[in-house]
Amino acid sequence: MRASALQKWGIEELLRKYPYLRLQPAKGHEMIIAGSLEFSAQTRGQELISDRYEISISVPPDYPRVIPLVRETAMRIPRAFHKLDSGHLCLGSPTRLQLILAEASSLISFVERCVIPYLYGYSIVESGGVLPFGELSHGARGLREDLASIISMDDDLVLLGFVRLLAMKKRKANKLPCPCGTGMRVGRCHNRKLNTLREKLGRRWFSSLLRGSR
Amino acid sequence: MANELVVKFLDSIIDSLDIPESYYRRAADRHRSLGEWLCRRESKVAVFQPHVTPQGSFRYGTVTRPLNAEGEYDLDNVVTLTLPKTQMTQKDLKTLFGEEIRAYAEAHQMLSPLEEMNRCWRLHYSDEITFHLDTLPCVAEEESVIAAIIGLGVPRELARLAVAITDKRHPHYPLISANWLSSNPRGFARWFEERTRSYALPRLRQLVEARLFSSVEDVPTYEWKTPLQRSIQLLKRHRDVMFQENPELAPISMILTNLATHSYNGESDIFTAVTGIVDRMPSFIRAGRPRVPNPADPAEDYADKWSEDPQLEQNFWSWHMQAKADLARLPDLLRGDRLSTSVRQMFRLDLTQEQLRQFQLAPISMRSVSHAAPAIAITGAPKPWGNE
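Residues numbered from 1 in each chain as written. Chains lettered and ligands numbered in written order. Predicted model: local features only at pLDDT ≥ 70, side-chain atom pairs only at ≥ 80, totals over all residues.

## Things to note about the overall build of chain A
Definition in use: By the criteria applied, helices consist of DSSP H or I runs no shorter than four residues and strands consist of E runs no shorter than two, each listed in order from the N terminus. For the exposure call, what matters is how many other C-beta atoms sit within 10 Å of a residue's own: 20 or more marks it buried, 12 or fewer exposed, and in between partly exposed, using C-beta atoms placed from the backbone. Residue pairs qualify as contacts under a 7 Å threshold applied to their C-beta atoms, which are placed from the backbone.
A tally of helices and strands in chain A yields nine helices and four strands. Listed by position from the N terminus, the elements making up chain A come as α-α-β-β-β-β-α-α-α-α-α-α-α. When burial is assessed residue by residue, chain A has 37% of its 214 residues classed as buried. Sequence separation of 24 or more characterises 44% of the internal contacts of chain A that already satisfy a separation of 6 or more.

## Digging into the overall build of chain B
Counting its secondary structure elements, chain B contains 14 helices and 10 strands. The 388 residues of chain B split such that 40% are buried. Contacts spanning at least 24 positions in sequence make up 65% of the contacts within chain B whose residues lie at least 6 apart.

## What about the domain arrangement of chain A?
Residue and element names in this part refer to chain A. How we decide: Note that the domain bounds reflect an automated or database-derived domain assignment. By the convention adopted, Pro, Cys, Tyr, Trp, Phe, Met, Ile, Leu, Val and Ala count as nonpolar, Lys, Arg, Asp and Glu as charged, and the other residues, Gly among them, as polar.
Here chain A is partitioned into domain 1 (3-126) and domain 2 (139-211). A straight line from the C-alpha centre of domain 1 to that of domain 2 covers 29 Å. Taken together, the contacts link six residues of domain 1 with eight residues of domain 2. Of the residues in the side of domain 1 that touches domain 2, the class split is two nonpolar, three polar and one charged.

## Observations concerning the confidence of the model for chain A
Where we set the bar: pLDDT gives the predictor's per-residue confidence on a scale running from 0 to 100.
On average, residues of chain A score 91 in pLDDT, and 98% of them reach the 70 mark or higher. Ranking the helices and strands of chain A by mean pLDDT puts strand 4 (residues 69-72) of chain A first, with 97, and helix 1 (residues 3-8) of chain A last, with 75.

## Focus: the nonpolar core
Note the following rule: Linking buried Ala, Val, Leu, Ile, Met, Phe, Trp, Tyr and Cys residues through C-beta atoms within 7 Å yields a set, and such a set is a nonpolar core.
In this structure, L91 and V115 of chain A together with L10, A260 and V274 of chain B are the most contacted members of the largest nonpolar core, which totals 81 residues. The element best represented in this core is helix 4 (residues 107-126) of chain A, accounting for 10 residues. Formed by 46 residues, the second largest nonpolar core is a distinct cluster that contains L38, L93, V154 and W191 of chain B.

## Things to note about the packing of helix 1 (residues 4-17) of chain B against helix 8 (residues 227-242) of chain B
All names here are of chain B. Selection rule: In this analysis an axis means a line fitted to C-alpha atoms, helices contributing only their contacting stretch, and an angle means the value between N-to-C directions, from 0 to 180 degrees. Working rule for angles: under 35 degrees goes down as roughly parallel, over 145 as roughly antiparallel, 65 to 115 as roughly perpendicular, anything else as oblique.
Between helix 1 and helix 8, whose axes approach to 10 Å, the crossing angle comes to 75°. Looking at the two axes, helix 1 sits roughly perpendicular to helix 8. Between helix 1 and helix 8, the residues in contact are L10, I14 and L17 and R230, Q233, L234 and R237, respectively. Taken together, the residues that form the contact of helix 1 with helix 8 break down as four nonpolar, one polar and two charged.

## With respect to the environment of L83 of chain B
The residue L83 of chain B is located in the loop between strand 2 (73-81) and helix 4 (90-107) in this model. Beyond its immediate sequence surroundings of up to four residues, L83 of chain B is in contact with F48 and V139 of chain B.

## Here's the deal with the interface of chain B and chain A
Of the residues lining the interface, 33 residues belong to chain B; the matching set on chain A comes to 50 residues. For the side of chain B that touches chain A, the secondary structure elements donating two or more residues are helix 12 (310-335) and strand 10 (375-378) of chain B. In terms of residue class, the side of chain B that touches chain A is built from 19 nonpolar, 10 polar and four charged.

## A word on helix 5 (residues 139-151) of chain A
Each α-helix winds once per 3.6 residues, and so residues spaced three or four apart point in a common direction. All names here are of chain A. Here is the rule: By this rule the span expected of a helix is its residue count minus one, scaled by 1.5 Å. Starting at the helix axis, one direction is taken to each C-beta atom, and the arc is that of these directions.
Its 13 residues place the ends of helix 5 19 Å apart at the C-alpha level, agreeing with the 18 Å of an ideal helix rising 1.5 Å per residue. Buried within helix 5 we find G142, L143, D146, L147 and I151. Looking straight down helix 5, one finds its buried side chains confined to an arc of 160°; they lie on one side. Of the surrounding secondary structure, the elements contacted by the buried residues of helix 5 are helix 3 (94-103) and helix 6 (156-166). Backbone geometry just downstream of helix 5 places S152 in the positive-phi region, at approximately 60°.

## Some remarks on the pairing of strand 1 (residues 51-55) of chain B
Residues and elements named next belong to chain B. Just so we agree on the cut-off: Think of it this way: DSSP has to see at least two bridges between two strands before they count as a pair.
Burial analysis of strand 1 places four of its five residues in the buried class, which makes it a mostly covered element. Two strands pair when backbone bridges link them, and strand 1 and strand 2 are joined in this way by five bridges, in the antiparallel orientation. Pairing of P54 across the sheet is with N77, part of strand 2.

## Quick word on the packing of helix 10 (residues 270-280) of chain B against helix 12 of chain B
Residue and element names in this part refer to chain B. So the rule is basically this: Rotating anticlockwise by less than a right angle from the far helix to the near helix defines a left-handed crossing, while the corresponding clockwise rotation defines a right-handed one.
Interhelical geometry of helix 10 versus helix 12 gives an angle of 150° and a closest axis separation of 10 Å. In this structure, helix 10 crosses over helix 12, and the sense of that crossing is left-handed. Together, V274, T275 and V278 of helix 10 and H320, A323, K324 and L327 of helix 12 make up the contact between the two elements.

## Some details on helix 9 (residues 253-263) of chain B
For helix 9 of chain B, the tally of buried residues reaches nine of 11 residues, placing the bulk of the element in the interior. In this fold, the buried residues of helix 9 of chain B make contact with helix 3 (56-60), helix 7 (185-209), helix 8, helix 10 and helix 12 of chain B.

## Overview of unusual backbone geometry
Residue Y63 of chain A is joined to P64 of chain A through a cis peptide bond whose omega torsion reads 0°. Secondary-structure assignment places P64 of chain A in the loop between strand 3 (49-59) and strand 4. Here the residue pair R289 of chain B and P290 of chain B is connected by a cis peptide bond, since its omega of -5° sits within 30 degrees of zero. Within the secondary structure, P290 of chain B is located in the loop between helix 10 and strand 8 (293-294). For R211 of chain B, which is not glycine, the phi dihedral falls at a positive 60°.

## Section: the pairing of strand 5 (residues 130-140) of chain B
All names here are of chain B. Looking at chain direction, strand 2 and strand 5 are connected through nine bridges and run parallel. When the sheet's bridge partners are listed, L75 is paired in strand 5 with L133. Here strand 4 (residues 121-126) runs beside strand 5; their pairing, made up of six bridges, is antiparallel. Residue H124 lies in a different strand from strand 5, and its bridge partner there is H132. Taking the residues that link successive antiparallel strands as the turn, the strand 4-strand 5 hairpin has three residues. Bridge analysis of strand 5 against strand 6 (residues 163-165) gives three bridges, and the strand direction is antiparallel. Residue A140 lies in a different strand from strand 6, and its bridge partner there is V163.

Okay, here's the thing in structure tokens:
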């Protein structure tokens, strides 16, 4: 990881905008940014919340292909809230997070679109409210739910059909019948949606979903 | 010219990192005393005309206070002996020199044992200021090596200061051999002083006019206090704080000093100087080896460890990025309410009430706690998940 990576990921902008997050000495290959994350955030129909969390973000060398791991370090968020077994925050389904990073890969957008919404949600829950953006079931069911909302299809078989198409080359997939049941070939039906997703995440992402490794 | 208040503020920060001038004088005394010892009649190395040259931050005037009270000051010198490399092995020279240093320690009632390092001997002084002195025995380099260094474009007056050093890890360490490691710490120091002197001239003249010194040549480098030297002090402190838990991962002072000296363009105020230095530093790191060459011997790479341990390079860049971001924030900090917190974070210094009064611009009533927190409008967000 050289200067170019730090620049490409927009670390300097992140440090300037969130000055209480600071780069930490790296012991492994990950880059560690840790400290206080202060924000004022609001979403439609909800109150404005100003809060501060102590966090540590571990950015892997192959970011943004691999999603950073985030930890809340002041033990304010209990294990029972959305956390991975390792204690890292479970910010969202991997596919959703990948999609967000595919749209904007700077660390600022990771922090503002993935980390702050999670913490904002927890602040609301902590003061007795409900999660403003909903939540996924844990485990495989949650992944399926999120995929269903990304593809906007709820039937299991249809969903599986779409994921298979996403794991194929565009030219091949477009000639096949669309799993949505219209009877048209994909190229004349859901091709735009599929192409966008395939371009953003790559076929391999979807074949790994099929293999169950995500 | 940068914002006057930022300049005054940084000057005041660096003043509090600085060490009393008496420490520099004390360091100079120690080098002198060691030199006299090595040259006394009974000394086993006197025949080689030992010549002691101070080195390191005490020579350059870039010492900063250690982070904590137990911290030691590092004092360095080079002791050049006049003999051909093939007259004795590296090991014999190191040992012979070590015996004299041990006798010196005993004669001066130093309690801690003498420590043998790969290249030098380390003496621990234990009076009110805790110093350790790394003293490096070496022999003047032979003409063919000096000619080769000149061939790489180094001026003769720097190249001729090159020395051959002993290193316990060297394959020829116990053998009679002309194959020794070459190094040029004295050349680097000379280069540093040549680059810095012209910027120091106004102050040198003042000191002479005030009759503190009889001529500008008599003013020791540590008295020059140029914006370059003060920038190096500030950057070293920033580095010390960032790596206080893992000092072994920190970029070494020689890399910071080398790059800063290349990068300094003579700016007269400290803020413009240090921000300019930090901005330009990366352009003096070479893509191939040597990454950060000694200007007085380009074959000597101050960043030689980067290739064995890529984390060290990564940590240099992390430090650099953080330093750049911190410096860029300073003008805003003076207008906000977080000045003392931030100064503690960056430099581990507690501002005095007087400093706060002088530098914190916004009146208490104007400050709001959430003033710095960015406002985010969240439109659509991932739903939190969790594995089973």
